[in-house]
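Survey of secondary and tertiary structure
Residue-level listing of the chains:
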Amino acid sequence: MKLTVIGCGYLGATHAACMAELGHEVLGMDSDMDKVAVLGSGKAPFHERGLDEMLARHTSSGRLKFTASYAETAAFADLHFISVGTPQQPGEHAYDLSHLFAAVRQLAPRLTAPAVIAVKSTVPVGTAPRIRDVLHEHAPAADRLEVAWNPEFLRESSAIEDTLRPDRLVLGFDSEHSWAEAVLRQCFEKIIEAGTPTLITDWATAELAKASANAFLATKISFINAIAEICEASGADVTQLAGILGHDDRIGGHGMRPGLGFGGGCLPKDLHGFMARAGELGAGQAVSMLREVDAINHRRRQRTVDLARQQLDGTLLGKRITVWGAAFKPHTDDIRDSPALAVAQKLHDLGATLTVSDPQALDNARKTHPDLDYADDPIAAVQDADLLLHLTEWPQYSHIDPHRLTTRAAHTHLIDGRGTLNAQTWREAGWTIQALGRP
Ligand code: UDX
């Protein structure tokens, strides 16, 4: 099939590459010319496992192209995926849908033939009819356009795997649709034939699927972090507890890693957007517990700052602190709402001098957090430090031999915010260690 993908960020670039991998002829569209140039040369403008190789393979075969032109995009195919960003509005919890509606308004007047518009962007429930209305108002082929909702559940760092072998495929249509379902079934034929559960719903259910899935995932993480708070008060070990709970099939071990809490471009934003929309719909009470989920998440960051102050005898002024970790999670360079960077910035604002190390995310971190110092080498980063904070799950950091750091650091104090270091090994190397949720 021929198809286009409008909006080539983390989601869209991955979707475009994976659609080419499935055998389709794909045109990716983005209004950012620099991004179009990088993607067109077969490279991702961000770090995602396996994506560079896949982009290179399909841009050189000619099956995948990129453009900044809406005219070219509209003329290329009769299936258009929309995956533009829907960030949080500054100072508010609600989504900013301006990029989404701008994309639809640009595309609509150029749609002269029947087409399916399949939206993947995460939105508040009730957005699909608004998109249909804009298309009906502006598109010459208005009565031959169908809007479908196709939420995306991919995780950064396993985005390709999640796209090609998803847990489920959700396709939402309005009651009058006639051919959009057949088009999307054809597009996802290989995925459906592989046995992927395929759920056909109305628009509202499909829109809510992503928001409610992310609200649940955030709740699970905050639940185990609330238990971590009780462990800190009682001397129990949250890592062991998480393992014990996870053995119960009804609970499950996924999303039960305690630590610094969740960040990134999705979970925090979707939690806020979900709460804001529920309030607008008069169903705010139904999600009141999510306010606590959000609060628990932020308390983990504050707790880490408080522990740092304690370790440094009550004052951060003039102290040298090293933070391992800048990305919001391992195997990505994405720093959006990164818990590690939020803690580093707070410690800096309280008077400490910060050096941050991360395998992939330093270029991004430098742009948004120019007050912090950065070091590529995690061992050199510890030079003369009064305190080391381990705030990442990149595996290479947990394997560093603490003996290599003992003489570099000014003081051998460590806080393990991820609970993945071997406390005994560090103690034997002369370090005092405190871990979130552990004795
Ligand atoms: C998430 C959802 O998983 C995905 O389905 C959705 O499409 C987009 O949002 P992502 O943001 O890539 O994906 O990351 P995820 O792996 O879910 O982690 C989110 C955050 O939670 C990270 O900061 C991670 O460190 C944290 N986390 C995750 C925990 O603290 N504990 C866990 O057990 C799992």
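Thresholds applied
- Residues numbered from 1 in each chain as written.
- Predicted model: local features only at pLDDT ≥ 70, side-chain atom pairs only at ≥ 80, totals over all residues.
- Heavy atoms only, no water.
- Domains from an automatic or database assignment.
- Contact = heavy atoms within 4.5 Å.
- Buried area = accessible area lost by both parts, 1.4 Å probe.
- Salt bridge = Lys/Arg side-chain N within 4 Å of Asp/Glu carboxyl O.
- Polar contact = N/O pair within 3.5 Å; in protein donor to acceptor, adjacent residues only side chain to side chain.
- Nonpolar A, V, L, I, M, F, W, Y, C, P; charged D, E, K, R; others polar.
- Helix = DSSP H or I, 4+ residues; strand = E, 2+ residues; numbered from the N terminus.
- Buried < 20%, exposed > 50% of the residue type's maximum accessible area, 1.4 Å probe, protein only.
- Near = heavy atom within 4 Å.
- Areas by Shrake-Rupley, 256 points an atom, 1.4 Å probe, with all protein chains shown as cover.
- Axes fitted to C-alpha atoms, helices over the stretch in contact; angles between N-to-C directions.
- Parallel < 35°, antiparallel > 145°, perpendicular 65-115°, else oblique.
- Left-handed = near helix turned anticlockwise from the far one by under 90°.
- Pairing = 2+ DSSP bridges.
- Core = buried A, V, L, I, M, F, W, Y, C linked by side-chain atoms within 4.5 Å.
- Arc of directions from axis to C-beta.
- Expected span 1.5 Å × (residues − 1).

1. Some points on the domain arrangement of the protein
Examined at the domain level, the protein breaks down into domain 1 (2-196) and domain 2 (202-439). Contacts between the two partners involve 33 residues from domain 1, matched on the other side by 28 residues from domain 2. Of the roughly 2600 Å² buried at the junction of domain 1 and domain 2 (both faces included), carbon and sulfur atoms supply 60%. Counting the surface domain 1 buries against domain 2, the share from its top three residues, His47, His93 and Val125, is 27%. Linking domain 1 with domain 2 are one salt bridge. With a shortest N-O distance of 3.1 Å, glutamate 156 and arginine 336 are connected by a salt bridge. Our enumeration of links across domain 1 and domain 2 arrives at 17 residue pairs in polar contact (both at pLDDT 80 or more). Of the residues in the side of domain 1 that touches domain 2, the class split is 17 nonpolar, nine polar and seven charged.

2. Let's talk about unusual backbone geometry
Of note, aspartate 313 is a non-glycine position whose phi angle comes to about 55°, a positive value. Tracing the chain through its elements places aspartate 313 in the loop between helix 13 (288-311) and strand 9 (320-324). In this structure, histidine 331 is a non-glycine residue whose phi angle is positive, near 65°. Its location among the elements puts histidine 331 in the loop between strand 9 and helix 14 (339-349). Note on histidine 331: relative accessible area 22%, which makes it partly exposed.

3. A short note on the site of the ligand
Looking at the ligand, there are 21 residues lining it, with Phe153, Leu154, Glu156, Arg257 and Lys329 nearest. Glutamate 156 has a polar backbone atom sitting 2.7 Å from an oxygen atom of the ligand. Interatomic distance of 3.0 Å between a backbone N/O atom of glycine 263 and an oxygen atom of the ligand. Protein contacts shield 92% of the accessible area of the ligand, which totals 660 Å² for the unbound molecule. Here the shell around the ligand takes four residues from helix 10 (residues 203-234), the largest share from any one element. Each residue belonging to the shell around the ligand can be placed in one class, and the counts come to nine nonpolar, four polar and eight charged.

4. Some remarks on the packing of helix 13 against helix 14
Closest axis-to-axis distance for the helix 13/helix 14 pair is 10 Å, and the angle between their directions is 45°. With respect to helix 14, the axis of helix 13 lies oblique. Pair helix 13 / helix 14 crosses with right-handed handedness. Taking contact as the criterion, the partners of Arg301, Gln302, Thr304, Val305 and Ala308 in helix 13 are, on helix 14, Pro339, Ala342, Val343, Lys346 and Leu347. Considered class by class, the residues forming the contact of helix 13 with helix 14 number six nonpolar, two polar and two charged.

5. Brief notes about the pairing of strand 7 (residues 169-173)
With five of its five residues buried, strand 7 lies for the most part within the structure. Pairing of strand 7 with strand 8 (residues 198-202), which is carried by five bridges, proceeds in the parallel orientation. Bridge pairing links valine 170 to leucine 199 in strand 8.

6. Quick look at the pattern of salt bridges
Two side chains that carry opposite charge are able to pair once their charged atoms sit near each other. Enumeration over the complete set of coordinates arrives at 23 salt bridges. The salt bridge involving lysine 120 is made with glutamate 152; its shortest N-O contact spans 3.1 Å. Of the two residues, lysine 120 is situated in the loop between strand 5 (115-119) and helix 6 (127-138) and glutamate 152 in the loop between strand 6 (145-149) and helix 7 (159-164); the sequence distance between them amounts to 32 residues. The residue arginine 438 makes a salt bridge to aspartate 237 at a minimum N-O spacing of 3.3 Å.

7. Here's the deal with the nonpolar core
Core analysis: the largest hydrophobic core is formed by 37 residues, its most contacted members being Leu79, Phe81, Leu184 and Phe188. Ranked by residue count, the leading element in this core is helix 1 (residues 10-21), at seven residues. Not counting chain neighbours up to four residues away, the residues in contact with phenylalanine 81 comprise Leu3, Thr4, Val5, Ile6, His15, Ala118, Lys120, Asn150, Leu184, Cys187 and Phe188. With 33 residues, the next largest nonpolar core counts Val104, Leu107, Ala139 and Trp203 among its residues.

8. Digging into the sheet that holds strand 13 (residues 413-416)
Strand order in the open sheet formed by six strands is 11-10-9-12-13-14, with parallel pairing between adjacent strands. Each edge of the open sheet carries a strand with a single partner, namely strand 11 (373-374) and strand 14 (432-435). Here helix 13 sits on the sheet and contacts strand 12 (387-390), strand 13 and strand 14; the angle it forms with strand 13, its principal contact strand, is near 165°. Helix 14 rests against strand 9, strand 10 (353-357) and strand 12 of the sheet, and its axis sits at about 160° to strand 10.

9. A closer look at helix 11 (residues 238-246)
The periodicity of an α-helix, 3.6 residues per turn, causes residues three or four places apart in sequence to face the same way. Turning to helix 11, its buried residues number three or more, namely Val238, Ala242 and Gly246. Across the axial projection of helix 11, the buried residues extend over an arc of 75°, all falling on one side. For helix 11, the exposed residues lying more than 90 degrees away from the buried face are Gln240 and Ile244. Along its buried surface, helix 11 packs onto helix 10. The distance from a side-chain oxygen at the start of helix 11 to the backbone nitrogen of threonine 239 is 2.8 Å, and the residue carrying that oxygen is aspartate 237.

10. Some remarks on the side chain of asparagine 150
Relative to the assigned elements, asparagine 150 resides in the loop between strand 6 and helix 7. Here valine 170 takes part through its backbone oxygen, which lies 3.2 Å from a polar atom of the side chain of asparagine 150. Aside from chain neighbours lying at most four places away, what touches asparagine 150 is Phe81, Val119, Lys120, Leu169, Val170, Leu171 and Phe188.

11. Focus on helix 12 (residues 267-280)
Given a rise of 1.5 Å per residue, 14 residues ought to cover 20 Å, and the 20 Å separating the end C-alpha atoms of helix 12 matches this to within 8%. With respect to burial, helix 12 is a largely interior element, 11 of its 14 residues being buried. Where helix 12 is concerned, the buried positions are Leu267, Pro268, Lys269, Asp270, Leu271, His272, Gly273, Phe274, Met275, Ala276 and Ala278. The inward-facing, buried residues of helix 12 contact helix 10 and helix 13. Positive backbone phi, at 80°, marks glycine 282, one or two positions downstream of helix 12.

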